[in-house]
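Residues per chain, in single letters:
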There are 2 protein chains.
Amino acid sequence: MIKREKGLLIVLSGPSGVGKGTVRKALFAQEDVDFQYSISMTTRKPREGEVDGVDYFFKTREEFEQLIRENKLLEWAEYVGNYYGTPIDYVEKTLNEGKDVFLEIEVQGAIQVRKAFPEGLFIFLMPPSLDELKNRIVTRGTESEDLIQNRMKVAKEEIEMMHEYDYIVVNDQVNLACERIKAIVMAEHCRRERVEHQYKKMLEVE
Amino acid sequence: MIKREKGLLIVLSGPSGVGKGTVRKALFAQEDVDFQYSISMTTRKPREGEVDGVDYFFKTREEFEQLIRENKLLEWAEYVGNYYGTPIDYVEKTLNEGKDVFLEIEVQGAIQVRKAFPEGLFIFLMPPSLDELKNRIVTRGTESEDLIQNRMKVAKEEIEMMHEYDYIVVNDQVNLACERIKAIVMAEHCRRERVEHQYKKMLEVE
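Thresholds, definitions, all that
- Residues numbered from 1 in each chain as written.
- Chains lettered and ligands numbered in written order.
- Predicted model: local features only at pLDDT ≥ 70, side-chain atom pairs only at ≥ 80, totals over all residues.
- Heavy atoms only, no water.
- Contact = heavy atoms within 4.5 Å.
- Buried area = accessible area lost by both parts, 1.4 Å probe.
- Salt bridge = Lys/Arg side-chain N within 4 Å of Asp/Glu carboxyl O.
- Polar contact = N/O pair within 3.5 Å; in protein donor to acceptor, adjacent residues only side chain to side chain.
- Helix = DSSP H or I, 4+ residues; strand = E, 2+ residues; numbered from the N terminus.
- Nonpolar A, V, L, I, M, F, W, Y, C, P; charged D, E, K, R; others polar.
- Expected span 1.5 Å × (residues − 1).
- Buried < 20%, exposed > 50% of the residue type's maximum accessible area, 1.4 Å probe, protein only.
- Phe/Tyr/Trp six-rings, centres within 6.5 Å; stacked < 30°, edge-to-face > 60°.
- Pairing = 2+ DSSP bridges.
- Core = buried A, V, L, I, M, F, W, Y, C linked by side-chain atoms within 4.5 Å.
- Least-squares fit on C-alpha atoms with pLDDT ≥ 70 in both.
- UniProt positions renumbered as here; feature names shortened; annotations may be inferred.
- 1 Å grid on protein atoms, 1.4 Å probe; cavity = no way out; pocket = protein on both sides within 12 Å on 5 of 7 lines; lining within 4 Å.

1. Comments concerning the interface of chain B and chain A
How large an interface is tends to be reported as the accessible area lost when its parts come together.
Thinking step 1. Contacts between the two partners involve 36 residues from chain B, matched on the other side by 36 residues from chain A.
Thinking step 2. At the boundary of chain B with chain A, total buried surface from both sides reaches about 3,200 Å², with 70% on carbon and sulfur atoms.
Thinking step 3. Summed over the shared surface of chain B and chain A, the result is zero salt bridges.
Thinking step 4. Taken together, the connections running from chain B to chain A amount to ten residue pairs in polar contact (both at pLDDT 80 or more).
Thinking step 5. Secondary structure elements with two or more residues in the side of chain B that touches chain A: α5 (130-140), α6 (145-159), β9 (167-170), α7 (174-188) and α8 (192-205) of chain B.
Thinking step 6. When residues of the side of chain B that touches chain A are assigned to their parent elements, the largest contribution, eight residues, is made by α8 of chain B.
Thinking step 7. Considering only residue class, the side of chain B that touches chain A consists of 21 nonpolar, two polar and 13 charged.

Put into C-alpha cells, the structure is as follows:
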C-alpha cells in the first residue's frame, strides 16, 4: 500500500487588498480542509488573550535577530518596529509529519520563501480586475486619493510578480477561490514527480 | 474580464484491468463535469443503434489509411482487422471552442498522443496494488492461469510507462478517482503558464 507522502508547503499570496485573509479564513472554516496553518513568529507583545504557540510564537528582539543570523526563518520583515517571520523548523517538522502547511503572506515574503523552498506550491490570488481591486481598497478604509493611487501602484507591481508563482487563482467569489485552492492541493498530491517513487516500490515488492 | 482559455486535452490511461472505462463513465455521469468526450474513428461496421458522429466516426479502410498517411490521427491502432483512432481535427476544433476534451485510451495510444500533443494533460490510472489488479483481471472473465500471468506481465510493463505521465491517480475507489481527476483539471486551468498572458493583458488595458 501507498503511505502518506511528506506534506506540501502551500503559499498563498497576492497584492494587498485582494482578499488573502478572507480566503484563508473561509478555507480553514471548511471541514474537508486539513492543512496546518503556519504560525508566525513576532517580537511584538502578546495582546490580551493571545497564546504563545497558538496565535504567534512570541520572541524577544535578540532571539529573533539570532534566528535571522542563523537562517532559521523562511521569510521575515520588520513592520512598525516589530519583526514578523516564519520559523523554518516548525514548517519542516509539520511537513515531515505528512501534513500540508499553509502560509498566507505578502508578495515580498513569498518571493523569499520561493528561494528557500522552491518545491513549495506558490499560489497567486488575483483580483478579477484592477477596478475591482481599487473598489476593495477604497471601501476598506478612509484613505486619501493620494494613498489609494499609491496602493494601486504597489498592487500593480505586486501583480507583475505573478511569474514567480505556480498557479493563479482569481478571487471573483471567495467560495470559488477556495474550491480552486483545494483542487490545486489535491492535484499536486497526484503529480507524478511527487508520488512516482512510491509506486515504483510497489512494482519491486510484489 | 478574463475570457475562457483554449480547452485542455485530458488523456486518461493506465494498465488494462485498472478500470479506465468505469472511471470514465462515473465521471461523465456527474453533473459538474463538462468535458467533451472524444469520439473515436473506426473501420468496423456500425452495430445496431450506433450513430455516426455519436458513437464513432465510421470510415472505410481507404479513408482511414489516407488519414494515417496525412497525419490526421492523434493515435491509432489495429485490432482484430479493424482500425481505431482519434481524429486530430475534431479534437483541435473542440479545444479551440474552449472545451476540455477527454480521451480514455490504452497506454501505447497515450504515448503516441504525448508525442503529437505534449501540452496535453496525461493522467495515469493506477491500481491500489498488483494483487488488486490481478483480482480485477481474474474476476472479469474466465481466463486461464497462463493468460492471467501474461496479462499481469503486460500490466507491469504498462505501469513502468508511468514516467511519461503528468499525474498518477490511484483507483482505490471510483468516486475518489473521479474527484482527483476533476481536481487535476481545475488546477491545470489555474496553472500560471496557461493563464498568465490573460492577466498581463488586464494590466496593459487598465
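Now that the structure has been shown, we can carry on.
2. Brief notes about helix α7 (residues 174-188) of chain A
Thinking step 1. With 15 residues, α7 of chain A extends 21 Å between its outermost C-alpha atoms, agreeing within 8% with the 21 Å of an ideal straight helix rising 1.5 Å per residue.
Thinking step 2. Regarding α7 of chain A, the residues found buried are A177, C178, R180, I181, K182, A183, I184, V185, A187 and E188 of chain A.

3. Quick look at the packing of aromatic side chains
Thinking step 1. One pass over the structure, following the stated rule, counts 22 aromatic pairs over all chains.
Thinking step 2. On the numbers, 5.5 Å between centres and 65 degrees between planes, the contact of F57 of chain B with Y90 of chain B is edge-to-face. Of this pair, F57 of chain B sits in strand β4 (residues 57-58) while Y90 of chain B sits in helix α3 (residues 88-96); the two residues are 33 residues apart in sequence, bridging distant segments of the chain.
Thinking step 3. One aromatic cluster in this structure is built from F28, F35, Y37 and F102 of chain A.

4. Quick word on the sheet that holds β9 of chain B
Residues and elements named next belong to chain B.
Thinking step 1. Spatially, five strands are ordered β2-β7-β1-β8-β9 in an open sheet, and the strand pairing comes out parallel. Of all strands in the sheet, those bounded by a partner on one side alone are β2 (36-37) and β9.
Thinking step 2. Here β2 pairs with strand β7 (residues 101-104) via two bridges, running parallel. By the bridge assignment for β7, Q36 is matched with V101.

5. Quick word on the nonpolar core
Thinking step 1. Counting residues in each nonpolar core, the largest one holds 106 residues, and the members touching the most others are L9 and V113 of chain A together with L9 and V113 of chain B.
Thinking step 2. Leave out the neighbours within four places in its chain, and L9 of chain A touches L74, V91, L95, V101, L103, V113, F117, G120 and L121 of chain A.

6. Things to note about the side chain of K20 of chain A
Residues and elements named next belong to chain A.
Thinking step 1. One can find K20 in helix α1 (residues 20-28).
Thinking step 2. Taking relative accessible area as the criterion, K20 reaches 7% and is therefore assigned buried.
Thinking step 3. In contact with K20, not counting residues within four places along its chain, are L12, S13, G14, P15, E104, I105, E106 and L125.

7. Quick look at the relation of the copies chain B and chain A
Thinking step 1. Each copy superposes on the other: chain B lies on chain A with an RMSD of 0.0 Å after a rotation of 180 degrees and an axial shift of 0.0 Å. Expressed as an axis order, the relation between the two copies is that of a two-fold axis. For chain B, the minimum C-alpha distance to the rotation axis belongs to A183 of chain B and amounts to 2.1 Å.
Thinking step 2. Interface residue correspondence from chain B to chain A reaches 100%, placing this contact among same-surface, isologous pairings.

8. Let's talk about the UniProt feature "binding site: ATP" (unreviewed entry) in chain A
All names here are of chain A.
Thinking step 1. Under the present numbering, the feature "binding site: ATP" (unreviewed entry) in UniProt falls on G14, P15, S16, G17, V18, G19, K20 and G21. Cross-referencing the annotated residues with the second largest pocket identifies G21 as lining it.
Thinking step 2. Mapped onto the secondary structure, G14 falls in the loop between β1 (9-13) and α1.
Thinking step 3. In this structure, G14 is in contact with K20, I105, V107, F124 and L125, ignoring residues within four places of it in sequence.
Thinking step 4. Assignment of secondary structure puts V18 in the loop between β1 and α1.

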